[in-house]
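# Topology and contacts: notes
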Amino acid sequence: MQPLTRVEGRAIPLGLKNVDTDIIIPAKWLKTISREGLGAGAFEALRAEPGNVIDDPAYAGANVLIAGDNFGCGSSREHAAWALGDLGLRVVIAPSFSDIFSGNAVKNGILPVVLPQDAVDRLLEVAREGQPITVDLESQTVTTPYQDRFTFTIDPFRRECLLGGLDEIGLTLARAEAIGTFETARTAAQPWLMRGTGA
Amino acid sequence: MIRGHHPTPRMMEPIMASRPRTLYEKIWDAHTVETRDDGTAIIYIDRHLVHEVTSPQAFEALRVAGRPVRRPELTLAVPDHNLPTTARVDAAGKAVPIADPESAAQLAALEVNAPAFGIRYIPATAREQGIVHVVGPEQGFSLPGTTIVCGDSHTACHGGLGALAFGIGTSEVEHVLATQTLLLQQSKPMEVRVEGDLGPGVSAKDLILHIIGQIGAAGGSGYVIEYRGRVFEQMTVEERLTVCNMSIEAGARAGLIAPDDVTFAYLKGRPMAPQGAEWEAAVAYWRTLHSDDGAIFAKSVVIDAAAIEPSVTWGTSPEDVVAIGGRVPSPADFADESKRVAVQKSLDYMGLTPGTAMTDVPIENVFIGSCTNSRIEDLRAAAAVLKGRHKADNVRWAIVVPGSGLVKAQAEDEGLDKVFIEAGFEWREPGCSACLGMNPDKVPPGERCASTSNRNFVGRQGPGARTHLVSPAMAAAAAVTGRLTDARELA
Ligand code: SF4
């Protein structure tokens with residue numbers, strides 16, 4: 001995974017609430033067996049509307065997306081994170097995120113930043129003026145050229161994974177012994193739990 | 001950095017005078033391998049369901065990294081999302097090829113990946129095939145007190161058996177395959193307490209739609225919901241699965257109902273459930289799985305069951321719920337400015353005018369199916385309304401998609417297939433179908449569908465499709481009258 005420390009650039013002022021993963025990437029794009037190329041299907045229905053913010057040349061090359069409450073709700077499809085990444089986005093700022101989406105985002109080097117609604121409203125204004133937004137994960141701040149400065153909190157483990165571009169599976173496999181001990185104990189105590197399909 | 005736990009799982013510790021715990025906390029504790037100082041825990045995963053859509057990239061990554069599956073017997077693979085629901089074998093008994101090349105390739109990938117990694121695979125042509133969330137409980141693979149995951153957000157469904165079940169992304173599917181664990185932050189326990197009893201003709205689906213309407217699509221965000229109250233104790237397992245299924249539509253990671261004798265009776269004798277002495281030991285353990293008196297919930301919502309009417313959605317979020325006797329709301333009815341904007345957008349998409357009686361909304365399509373409402377009881381409830389009746393002329397397409405081959409076979413034994421066919425419905429093979437419009441079963445643009453599924457999102461049942469979420473009986477009633485209808489009037 002590509003590490004993420006600081007992102008500076010234009011932001012797409014989407015602003016909508018309850019942007020579900022069917023909006024981010026509709027089902028017909030889920031037939032792929034690869035992670036690549038999903039940007040083409042990102043926000044498909046929204047982009048069919050003339051003058052939509054995603055394709056607005058004013059926000060070309062943006063790497064930040066600003067949205068409303070409950071971003072990424074709905075399906076667990078990680079295709080949503082892959083599609084945003086394929087559009088070149090590295091940060092999504094919103095007042096709240098669905099739990100599954102924010103986990104998926106972090107695993108793909110995309111930072112979900114939670115800020116209160118008034119801060120998000122201010123950033124939407126700045127973005128609409130075409131001004132850049134700077135997101136710094138080290139200092140956990142979002143700043144603008146107008147001296148706005150908002151701090152955000154993030155789960156320390158997720159922050160560490162993003163900053164270091166860490167492979168979570170590698171981290172867990174390093175604890176294989178502890179997992180093995182756990183399994184041995186439960187195989188002895190509750191063997192039926194470990195049978196699964198082999199019952 | 002790592003704080004080791006005592007190697008013995010918590011559930012084997014003697015009952016100590018520890019602080020009272022919620023059901024969620026008990027299951028969490030029993031699955032904690034270790035907890036890091038930052039609060040992230042390695043949680044052991046007992047059961048993993050895999051389907052064709054969210055797994056190919058995970059298997060490919062394992063292959064590239066040269067990593068095996070740690071415990072293949074704890075994973076079960078079934079195709080469902082992308083599978084056509086038309087006949088799977090021809091008259092000569094040969095498998096019918098899948099026309100769409102991308103769908104065919106994705107289904108073929110699962111068929112190759114599962115055995116290559118030693119995972120039990122239920123093929124599309126098997127009687128046991130079905131929607132993952134129908135198959136898991138049906139096979140006794142899903143059990144109380146277990147952690148169950150799947151690359152699908154409606155995994156919350158299995159909470160109806162008292163399991164901690166939740167949806168995960170593809171990277172997490174890969175993580176579970178490689179390590180049989182997940183790295184997780186504990187959610188907060190939330191209680192939805194329903195007081196009193198449901199009125200006659202008010203179903204589990206009406207109840208959960210009403211609950212989501214009350215707490216909102218983000219109301220459970222950051223929480224695991226436990227549903228409590230006499231209503232749930234009186235429910236069948238099928239009804240409990242329907243309730244827990246839609247927890248994710250309230251933003252919750254998972255939903256839980258404490259297991260009881262109803263649960264145990266449902267599971268006894270299922271192919272993958274424990275047998276003999278192990279069954280007795282399992283039941284003894286399962287009886288400890290309930291929230292202790294005095295356990296603290298971080299959030300508590302109380303709902304009055306008697307006030308609930310059959311429910312229907314009018315908008316494009318599952319929180320857009322109204323009683324069937326109600327009317328399409330106006331943006332002006334909402335205090336919050338951003339909600340007013342969202343309501344206007346929803347009404348435009350849905351082609352609805354504020355003030356219209358819900359029972360005046362015409363319906364052109366009816367879908368009975370999905371992991372929310374495709375079990376035998378759901379089909380019985382719909383068939384009870386349809387018996388001796390026929391769909392209205394303006395209902396162009398009416399389709400029943402049983403949740404599994406076993407549900408389908410049982411329904412056929414009971415003659416339900418004939419009731420549906422005589423009423424003008426198509427009787428299909430099991431799968432997700434029009435719930436997500438990934439296979440050829442889609443609702444045409446601009447047309448309405450009375451659907452027993454769980455999501456009314458923009459484009460969910462096909463581009464431009466307009467979904468009204470309802471119970472099976474209500475879907476059947478809408479088919480008969482050609483408009484949204486209170487099923488109690490046809491009882
Ligand atoms: S039936 Fe619908 S909600 Fe259920 S698993 Fe399939 S696509 Fe998901």
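Before reading on, note that the structure itself is shown above.
Residues numbered from 1 in each chain as written. Chains lettered and ligands numbered in written order. Predicted model: local features only at pLDDT ≥ 70, side-chain atom pairs only at ≥ 80, totals over all residues. Heavy atoms only, no water.

Moving on to the overall build of chain B. Secondary structure assignment for chain B yields 15 helices and 20 strands. Here the C-alpha radius of gyration of chain B, 22 Å, is about what a compact globule of 491 residues would show, namely 23 Å. Seen through its principal axes, chain B has C-alpha atoms that stretch 65 × 55 × 45 Å. When each of the 491 residues of chain B is scored for burial, the buried share is 63%. The long-range share in chain B, meaning contacts at least 24 apart out of those at least 6 apart in sequence, stands at 76%. Accessible area of chain B: about 16,400 Å², with a carbon and sulfur share of 53%. (Helix = DSSP H or I, 4+ residues; strand = E, 2+ residues; numbered from the N terminus. Rg over C-alpha atoms; globule rule 2.2 N^0.38 Å. Buried < 20%, exposed > 50% of the residue type's maximum accessible area, 1.4 Å probe, protein only. Contact = heavy atoms within 4.5 Å. Areas by Shrake-Rupley, 256 points an atom, 1.4 Å probe, with all protein chains shown as cover.)

Once that is clear, we can look at the interface of chain A and chain B. Taken together, the contacts link 58 residues of chain A with 85 residues of chain B. Carbon and sulfur atoms make up 58% of the surface buried where chain A meets chain B, a total of about 5,800 Å² over both sides. In terms of surface lost to chain B, no three residues of chain A exceed K31, W192 and T197 of chain A, which account for 14% of the buried area on that side. Run the count over chain A and chain B and you get twelve salt bridges. A salt bridge links R70 of chain B to E183 of chain A; the nearest nitrogen and oxygen atoms lie 2.8 Å apart. Where chain A packs against chain B, one counts 29 residue pairs in polar contact (both at pLDDT 80 or more). Elements represented by at least two residues in the side of chain A that touches chain B include exactly helix 3 (79-86), helix 4 (99-107), helix 6 (156-164), helix 7 (168-173) and helix 8 (176-189) of chain A. Here the side of chain A that touches chain B is composed, by residue class, of 23 nonpolar, 18 polar and 17 charged. (Buried area = accessible area lost by both parts, 1.4 Å probe. Salt bridge = Lys/Arg side-chain N within 4 Å of Asp/Glu carboxyl O. Polar contact = N/O pair within 3.5 Å; in protein donor to acceptor, adjacent residues only side chain to side chain. Nonpolar A, V, L, I, M, F, W, Y, C, P; charged D, E, K, R; others polar.)

The next point concerns the pairing of strand 16 (residues 365-368) of chain B. Residues and elements named next belong to chain B. Here strand 16 shows two buried faces, one formed by N365 and F367 and the other by V366 and I368. The pairing of strand 16 with strand 17 (residues 397-400) spans four bridges and is parallel. Within the sheet, the bridge partner assigned to N365 lies in strand 17 and is W397. At this point the chain moves from strand 16, through helix 12 (residues 376-386), to the parallel strand 17, and the crossover so formed is right-handed. (Pairing = 2+ DSSP bridges. Right-handed = clockwise from strand over helix to strand, strands pointing away.)

The next subject is the sheet that holds strand 4 (residues 91-94) of chain A. All names here are of chain A. Across the sheet, which stays open at both edges, the four strands sit in the order 2-3-4-5 with parallel pairing between neighbours. With one partner strand each, in any of the chains shown, strand 2 (11-13) and strand 5 (111-114) form the two edges of the open sheet. The sheet shows a mean angle of 20 degrees between the axes of neighbouring strands, direction not considered. (Axes fitted to C-alpha atoms, helices over the stretch in contact; angles between N-to-C directions.)

Our next topic: the pattern of salt bridges. Pairing is possible between side chains of opposite charge, provided their charged atoms come close. By the definition in use, this model includes 45 salt bridges over all chains. With its nearest N and O atoms 3.8 Å apart, the salt bridge here joins K107 of chain A to E168 of chain A. On the criterion of sequence distance, the pair formed by K107 of chain A in helix 4 and E168 of chain A in helix 7 is long-range, its members being 61 residues apart. With respect to class, K107 of chain A is no different from E168 of chain A; both count as buried. Of the charged contacts in the structure, one is a salt bridge between E34 of chain B and R175 of chain A, with a shortest N-O distance of 2.3 Å. With E34 of chain B in strand 2 (residues 32-36) and R175 of chain A in the loop between helix 7 and helix 8, this residue pair bridges two chains. Counted as one network, the salt bridges with shared partners bring together E191, R193, E195, E226 and R228 of chain B.

The subject of this paragraph is the packing of aromatic side chains. Residue and element names in this part refer to chain A. Counted according to the given criterion, the structure contains 13 aromatic pairs over all chains. Seen in terms of ring centroids, F71 and F101 are 5.2 Å apart; in terms of plane orientation they differ by 80 degrees. Their pairing is edge-to-face. Here F101 lies in helix 4 and F71 lies in the loop between strand 3 (64-66) and helix 3, a separation of 30 residues in the sequence. Side by side, F71 and F101 carry an identical accessibility label, which is buried. (Phe/Tyr/Trp six-rings, centres within 6.5 Å; stacked < 30°, edge-to-face > 60°.)

So, on to the sheet that holds strand 8 (residues 164-167) of chain B. What the five strands build is an open sheet, ordered 6-5-4-7-8 (chain B); its pairing is parallel. Across the chains shown, the open sheet's two edge strands, defined by having one partner strand only, are strand 6 (120-121) and strand 8 of chain B.

This part covers helix 5 (residues 170-179) of chain B. All names here are of chain B. Of all ten residues that make up helix 5, ten are buried, and the element is covered over most of its length. Along helix 5, the residues that are buried comprise T170, S171, E172, V173, E174, H175, V176, L177, A178 and T179. The first or second residue beyond helix 5 is Q180, which carries a positive phi of 60 degrees.

The next point concerns the nonpolar core. In terms of nonpolar packing, the biggest core is built from 81 residues, with F43 and F71 of chain A together with V366, F420 and F425 of chain B touching the most fellow members. Considering each element in turn, this core owes the most residues, eight residues, to helix 15 (residues 472-481) of chain B. Non-local contacts of V366 of chain B, meaning those with residues more than four positions away in its chain, are made with V395, W397, A398, I399, F425, C449, A450, A475 and A479 of chain B. Core analysis: the second largest hydrophobic core is formed by 50 residues, A114, W279, A282 and Y285 of chain B among them. (Core = buried A, V, L, I, M, F, W, Y, C linked by side-chain atoms within 4.5 Å.)

Before going further, it helps to examine the packing of helix 2 (residues 56-65) of chain B against helix 5 of chain B. Pairs of packed helices are described in terms of their axes, by the angle between the two and the distance that separates them. Residues and elements named next belong to chain B. For the pair helix 2 and helix 5, interaxial distance at closest approach is 8 Å and the crossing angle is 50 degrees. Considered as vectors, helix 2 and helix 5 are oriented oblique to each other. Two packed elements cross with a definite hand, and for helix 2 against helix 5 that hand is right-handed. Contacts from Q57, A58, F59, A61 and L62 in helix 2 reach T170, V173, E174, L177 and A178 in helix 5. Within the contact of helix 2 with helix 5, the residues separate by chemical class into seven nonpolar, two polar and one charged. (Parallel < 35°, antiparallel > 145°, perpendicular 65-115°, else oblique. Left-handed = near helix turned anticlockwise from the far one by under 90°.)

To continue, consider the packing of helix 3 of chain A against helix 4 of chain A. Residues and elements named next belong to chain A. Running from amino to carboxyl end, helix 3 crosses helix 4 at an angle of 50 degrees, the nearest separation of the two axes being 8 Å. By the criterion of interaxial angle, the relationship of helix 3 to helix 4 is oblique. Crossing angle aside, the handedness with which helix 3 passes helix 4 is right-handed. The residues of helix 4 that touch helix 3, namely those facing A80, A81 and L84, are F101, N104 and A105. Classifying every residue of the contact of helix 3 with helix 4 by side-chain character gives five nonpolar, one polar and no charged.

Attention now moves to unusual backbone geometry. The phi torsion at Q147 of chain A lies on the positive side, around 70 degrees, for a residue other than glycine. Following the sequence through the fold, Q147 of chain A ends up in the loop between strand 7 (141-143) and strand 8 (149-151). Non-glycine residue S433 of chain B carries a positive phi angle of around 55 degrees. Following the sequence through the fold, S433 of chain B ends up in the loop between strand 18 (426-427) and strand 19 (448-451).

All names here are of chain A. By secondary structure assignment, the location of S98 is in the loop between strand 4 and helix 4. A relative accessible area of 10% places S98 in the buried class. Residues in contact with S98, not counting those within four places in the same chain, are N70, F71, G72 and C73.

Moving on, we get to the environment of L83 of chain B. Residues and elements named next belong to chain B. For L83, the location among the structural elements is in the loop between strand 5 (75-77) and helix 3 (101-116). On a C-alpha basis, the gap between L83 and V283 in space is 36 Å, while along the polypeptide they are 200 residues apart. Residue contacts for L83: discarding those within four places in its chain leaves E52, R88, I98, L107, A124, Q129, P430 and N439.

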